[in-house]
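Structure assessment
Now for the letters of each chain:
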Number of protein chains: 2
Amino acid sequence: MLYIIGLGLGDERDITLKGLEAVSNCHKVYMEAYTSLLSFGLSTDGLSNLEKLYGKTITLADREMVEEKADDILSDSLDADVAFLVVGDPFGATTHTDLVVRAKKMGIEVKIVHNASVMNAIGICGLQLYRYGETVSIPFFTETWRPDSFYEKIQKNQMMGLHTLCLLDIRVKEPSLESLCRGRKLYEPPRYMTINTAIEQLLEIGQAREYPVYTEDTECVGFARLGSEDQMIVAGAMRQLRMIDFGAPLHCLVIIGKTHPLEEEMLDFYRCRD
Amino acid sequence: MLYIIGLGLGDERDITLKGLEAVSNCHKVYMEAYTSLLSFGLSTDGLSNLEKLYGKTITLADREMVEEKADDILSDSLDADVAFLVVGDPFGATTHTDLVVRAKKMGIEVKIVHNASVMNAIGICGLQLYRYGETVSIPFFTETWRPDSFYEKIQKNQMMGLHTLCLLDIRVKEPSLESLCRGRKLYEPPRYMTINTAIEQLLEIGQAREYPVYTEDTECVGFARLGSEDQMIVAGAMRQLRMIDFGAPLHCLVIIGKTHPLEEEMLDFYRCRD
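Named according to an unreviewed UniProt entry, chain A is diphthine methyl ester synthase originating from Senna tora. Of the comments in the UniProt record for chain A, the one headed Sequence similarities (unreviewed entry) reads "Belongs to the diphthine synthase family."

Quick look at the overall build of chain A
Assigned secondary structure in chain A consists of 12 helices and 12 strands. In chain A, buried positions account for 57% of the 274 residues. Of the contacts made within chain A by residues no fewer than 6 positions apart, 72% connect residues no fewer than 24 positions apart. Taken as a whole, chain A presents about 11,900 Å² of accessible surface, with 49% of it coming from carbon and sulfur.

A word on the relation of the copies chain A and chain B
Turning one copy of the chain about an axis and sliding it along that axis gives the other copy, so a rotation and a shift relate them. Mapping chain A onto chain B is achieved by rotating through 180° and translating by 0.0 Å along the same axis, at an RMSD of 0.0 Å. Those values place the two copies in the arrangement expected of a two-fold rotation axis. In this assembly the copies share their binding face: 100% of the residues contributing to the interface of chain A also contribute to that of chain B.

Some details on the side chain of arginine 131 of chain A
Mapped onto the secondary structure, arginine 131 of chain A falls in the loop between α7 (118-121) and β6 (136-138). Among the polar contacts listed, one links the side chain of arginine 131 of chain A to the backbone oxygen of glycine 161 of chain A, at a separation of 3.1 Å. Among the polar contacts listed, one links the side chain of arginine 131 of chain A to the side chain of glutamate 134 of chain B, at a separation of 2.8 Å. For arginine 131 of chain A, the contacting residues outside a window of four places in its chain are Met160, Gly161, Leu162, His163, Lys258, His260 and Glu263 of chain A together with Glu134 of chain B.

Points about the interface of chain A and chain B
Each partner contributes residues to the interface: chain A has 51 residues there, and chain B has 51 residues. Approximately 4,600 Å² of surface area, both sides summed, lies buried where chain A meets chain B, with 61% of it carried by carbon and sulfur atoms. It is Arg13, Leu17 and Lys18 of chain A that lose the most area in chain A upon contact with chain B, and together they represent 16% of the buried surface on that side. Inspection of the chain A/chain B interface yields 14 salt bridges. In terms of residue count, helix α6 (residues 97-105) of chain A provides more of the side of chain A that touches chain B than any other element does, 6 residues in total. In terms of residue class, the side of chain A that touches chain B is made up of 21 nonpolar, 15 polar and 15 charged.

Concerning the UniProt feature "binding site: S-adenosyl-L-methionine" (unreviewed entry) in chain A
Residue and element names in this part refer to chain A. When the UniProt feature table is mapped onto this chain numbering, "binding site: S-adenosyl-L-methionine" (unreviewed entry) sits at Leu9, Asp89, Gly92, Ser117, Val118, Leu168, Leu226 and His251. Assignment of secondary structure puts glycine 92 in the loop between β4 (82-86) and α6. For glycine 92, a relative accessible area of 2% corresponds to the buried category. Along the polypeptide, serine 117 turns up in the loop between β5 (110-113) and α7.

Describing the sheet that holds strand β12 (residues 251-255) of chain B
All names here are of chain B. Spatially, 5 strands are ordered β6-β7-β12-β10-β11 in an open sheet, and the strand pairing comes out mixed. Both edges of this open sheet fall to β6 (136-138) and β11 (232-237), since each of them pairs with a single strand only. Recorded for the sheet is a direction-independent mean angle of 25° between the axes of neighbouring strands. Sheet topology note: the strand β10 (residues 219-224)/β12 ladder contains 5 bridges and is antiparallel. Bridge pairing in β12 places alanine 224 opposite histidine 251.

Quick notes on the packing of aromatic side chains
All names here are of chain A. In this structure the tally under the stated criterion is 3 aromatic pairs over all chains. Between tyrosine 151 and tyrosine 214, the aromatic rings sit 5.6 Å apart at their centres with planes inclined by 55°, giving tilted as the arrangement. Linking tyrosine 151 in helix α8 (residues 149-159) with tyrosine 214 in the loop between α10 (195-207) and β10 (219-224), this pair joins segments that are 63 residues apart in sequence. Across the pair, exposure class does not vary: tyrosine 151 and tyrosine 214 are buried alike. Note that arginine 209 overlies the ring of tyrosine 151, its terminal NZ or CZ placed 4.2 Å from the centroid.

Digging into the pairing of β4 of chain A
Residues and elements named next belong to chain A. When you tally the buried positions in β4, you get 5 out of 5 residues, the bulk of the element. Where strand β1 (residues 2-6) lies against β4, 5 bridges are found, and the strand directions are parallel. Bridging from a neighbouring strand, isoleucine 4 pairs with phenylalanine 84 of β4. Where strand β2 (residues 28-32) meets β4, 4 bridges bridge the pair, whose relative direction is parallel. Bridge assignment links methionine 31 to a residue of β4, and that residue is leucine 85.

Quick word on helix α12 (residues 261-268) of chain B
Turning to α12 of chain B, its buried residues number three or more, namely Glu263, Met266 and Leu267 of chain B. Within α12 of chain B, the buried residues cover an arc of 100° as seen down the axis, which keeps them to one side. Buried residues along α12 of chain B sit in contact with α6 of chain A together with β10 and β11 of chain B.

Examining unusual backbone geometry
Glycine aside, residues mostly have negative phi angles, and peptide bonds mostly take the trans form. All names here are of chain A. In this structure, leucine 250 follows proline 249 across a cis peptide bond, with omega equal to -5°. Examined against the element boundaries, leucine 250 turns out to sit in the loop between α11 (238-241) and β12 (251-255). Its identity is not glycine, yet arginine 225 carries a phi of approximately 55°, on the positive side. Relative accessible area serves as the criterion here: at 16%, arginine 225 is assigned to the buried category.

Looking at the packing of α8 of chain A against α10 of chain A
All names here are of chain A. At a minimum axis separation of 10 Å, α8 and α10 run at an interaxial angle of 80°. Judged by the inter-axis angle, α8 sits roughly perpendicular to α10. Between α8 and α10, the residues in contact are Phe150, Tyr151 and Ile154 and Gln201, Leu202, Ile205 and Gly206, respectively. Residues of the contact of α8 with α10, tallied by class, amount to 5 nonpolar, 2 polar and no charged.

Digging into the sheet that holds β5 of chain A
Residue and element names in this part refer to chain A. Judged by pairing direction, the sheet is parallel, and its 5 strands sit side by side in the order β3-β2-β4-β1-β5 without closing on themselves. Only two strands of the sheet have a single partner each, and these edge strands are β3 (58-61) and β5. When strand polarity is set aside, the average angle formed by the axes of neighbouring strands in this sheet is 25°. The sheet contacts of α6 involve β1, β4 and β5, and relative to β1 the element is tilted by about 160°.

About the cut-offs
Each chain has its residues counted from 1, following the order in which its sequence is written. Whichever chain is written first becomes A and whichever ligand is written first becomes 1, with later ones labelled in order. Local features in this predicted model are restricted to residues of pLDDT 70 or higher, and side-chain atom pairs are both shown and tallied only at a pLDDT of 80 or more, whereas totals for entire chains, interfaces and linings draw on every residue. Only hydrogens and water are removed before side-chain values are computed, so all heavy atoms of the structure are retained for them. UniProt positions are given in the numbering used here, feature names are shortened, and annotations may be inferred rather than shown by experiment. Numbering of helices and strands runs from the N terminus; a helix is a DSSP stretch of H or I covering at least four residues, while a strand is a stretch of E covering at least two. Think of it in three bands: residues with accessible area under 20% of the maximum for their type are buried, residues over 50% are exposed, and the middle band is partly exposed, with areas taken using a 1.4 Å probe on protein chains only. Only heavy atoms enter the contact rule, under which two residues are in contact if any of them lie within 4.5 Å. Per-residue and other accessible areas follow the Shrake-Rupley method at a 1.4 Å probe size, with only the shown protein chains counted as cover for residues. We superpose the copies by least squares over the C-alpha atoms of residues that have a pLDDT of at least 70 in both of them. Any pair of nitrogen or oxygen atoms within 3.5 Å is treated as a polar contact; in protein, a donor-acceptor pairing is required on top of that, and neighbouring residues in sequence qualify only through side-chain atoms on both sides. A quick way to say it: buried area is the sum, across both parts, of accessible area lost when two parts are put together, with a 1.4 Å probe. The term salt bridge refers to a side-chain nitrogen of Lys or Arg lying within 4 Å of a carboxyl oxygen of Asp or Glu. Any residue that is not Ala, Val, Leu, Ile, Met, Phe, Trp, Tyr, Cys, Pro, Asp, Glu, Lys or Arg is counted as polar, Gly included; the first ten are nonpolar and the last four charged. In this scheme, strands are said to pair when DSSP sees at least two bridges between them. Every axis corresponds to a line fitted to the C-alpha atoms, with the helix fit spanning only the stretch in contact, and the corresponding angles, defined between N-to-C directions, vary from 0 to 180 degrees. Pairing of aromatic rings covers Phe, Tyr and Trp, the last through its six-membered ring, and needs centres within 6.5 Å; plane angles under 30 degrees mean stacked, over 60 mean edge-to-face, and all others mean tilted. For a Lys NZ or an Arg CZ to count as sitting over a ring, it must be within 6 Å of the ring centre and within 35 degrees of the ring normal. The directions considered for the arc are those from the helix axis to the C-beta atoms. Any angle that falls under 35 degrees is termed roughly parallel, while one over 145 is termed roughly antiparallel, one within 65 to 115 roughly perpendicular, and all others oblique.

Laid out in structure tokens, this is it:
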């Protein structure tokens, strides 16, 4: 049996009782390290907290392992109970559909333990979840690669008065250029896009349009470390949020569509004054 | 302090460790009874399970109480720790923004404990959450009231190739007609829309259009009791799902947009064969 267990967004105590029970009964415990390093395992302390609470040794499964070495995880699951821990919900912003499909094809029973994900926890700012349009991803621009496919999606959402959740790029375990040239495994340091960078990239793409659907006066909500004790949530115009230091990752951004009075009332608690 | 604590979707063991700790430390514990009666409190047993696990007496706050008598909950929170338990996430499909706004205006500190909601748990069927458009609600039709505003929203989502989550009507503690006439408090028995009724209403509205954006051949996914041990998830055409008995509530329905191959692979595990 393969248990895929959502850990929620904050710390080790965001696991559900059901999740904790499953972990305790599992023979082997993996944790995806792609986004989880931040909240749970950036320091050895973070991981120890988890291991102490769960009473289990946890094997960190980095991006490579999940994508390329999933066979190990799956073969373990064939004749024993294995837990695969993921930050947020197993099918939230980062999805694990591929692992589930492979497991099911091998005849392994899969059990999902749900938890909060960024996709629903953003509801805390007061914007109704059912008033969101398609979610967009903002990738890091490079000198030569400045993809702008998010613009059209935001445009469609804005035209319908819907809010847009922007997920910001995470670069973990990217092979370095040197590594690619020499055939050695060397990685760039991890990079997490800030709200500031996201807004600058958004504005660059918007300003290239004759009638942009958003400008630096467009109202947004910035979220940092959503769901953790020191989360930071600020509502304001792009030009305001661009200047704010939101601190440590992860960040995400919501571009506000048409609002109802109750949404406005709630946003007011988060609005920056300047 | 007012804690608003998400209970998740299944049973009493879907609470997080953080949520359980908060409940244990609270002076008074309320639970919203609007949607929660189903999973947690339909029987006295359900409620007892919660009370036993949490070690607290729970006051059921029905729709009337939450909307009209929130003052009691709030005044309790002024000088003691109060927990307000909600099914799913505090800001999921059923929102509690109003309660939070009122609390904050009274200077009460509010803490949110997130959990899974239907809005992210539907990810289990394999359709990517970021490929959903605006969520729609399907209300019970009556002889004289057949609102079809959901149609246009589905149309827009379909035109963009996006999936549509349809939340199905729940009628709990509706005053009976007799009650309204006589000024006595009498309620209709609770009603929860089934997937079958939802599809019939959807098709009725679609068939009135010259070029409907969906027909009985449109692929959908039906979810019953999502997140609980006996959840039922079936993918198929509307005409197929219309004939299936999904059993006890709650039900919801997803109208599938344009899919990627990995989404299709995952859907295959849920497809009905007939």
